[in-house]
Amino acid sequence: MKKLLVLALLALGGLLIWRKVQADRAELDLWTEATGSEN
């Protein structure tokens, strides 16, 4: 039972980290588009 709980917590942590990375990447893309140099 403990192994299942630990596995569930690791999966939840991984999901939260993944969502944070995706949000940061999307924000960076918007920032780059808004402030991009026009070459």
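*Asks:* I tried to follow the overall build of the chain on my own but got confused; where do I start?
*Replies:* Of the regular secondary structure elements, the chain holds one helix and zero strands. If you line up the chain on its principal axes, its C-alpha atoms span 60 × 10 × 5 Å. Burial analysis of the chain (39 residues in total) assigns 0% to the buried set. For the chain, the computed accessible surface area is about 4,100 Å², with 68% contributed by carbon and sulfur atoms. Across the chain, 5 positive and 5 negative side-chain charges occur, with their mean positions spaced 26 Å apart.

*Asks:* Where do I start with helix α1 (residues 2–35) in this structure?
*Replies:* Since the α-helix advances by 3.6 residues per turn, residues separated by three or four positions end up pointing in the same direction. Between its terminal C-alpha atoms α1 stretches 49 Å, which fits the 50 Å expected from 34 residues at 1.5 Å a residue. With zero of 34 residues buried, α1 is to be regarded as a mostly surface element.

*Asks:* Help me out: how do you make sense of the pattern of salt bridges in this one?
*Replies:* Side chains that differ in charge, positive against negative, can pair when their charged atoms come close. Enumeration over the complete set of coordinates arrives at one salt bridge. Across the pair Asp-24 and Lys-20 runs a salt bridge whose closest N-O atoms are separated by 3.3 Å. With Asp-24 and Lys-20 both in helix α1, this residue pair falls four residues apart, about one helical turn. Taking the relative accessible area as the measure of exposure, Lys-20 reaches 52% and is therefore exposed.

*Asks:* Help me out: how do you make sense of a nonpolar patch on the surface in this one?
*Replies:* A cluster of nonpolar side chains, namely Met-1, Leu-4 and Leu-7, defines an oily patch on the protein surface of about 410 Å² accessible area. You can see Leu-4 is positioned in helix α1. When its relative accessible area of 57% is taken as the criterion, Leu-4 is described as exposed.

Reading guide: rules and limits
Residues numbered from 1 in each chain as written. Predicted model: local features only at pLDDT ≥ 70, side-chain atom pairs only at ≥ 80, totals over all residues. Heavy atoms only, no water. Helix = DSSP H or I, 4+ residues; strand = E, 2+ residues; numbered from the N terminus. Buried < 20%, exposed > 50% of the residue type's maximum accessible area, 1.4 Å probe, protein only. Areas by Shrake-Rupley, 256 points an atom, 1.4 Å probe, with all protein chains shown as cover. Lys, Arg positive; Asp, Glu negative; His and termini not counted. Charge placed at Lys NZ, Arg CZ, Asp CG, Glu CD. Expected span 1.5 Å × (residues − 1). Salt bridge = Lys/Arg side-chain N within 4 Å of Asp/Glu carboxyl O. Patch = residues over 30% accessible without salt bridge, like charges linked within 9 Å, V, L, I, M, F, W, Y side chains within 5 Å.

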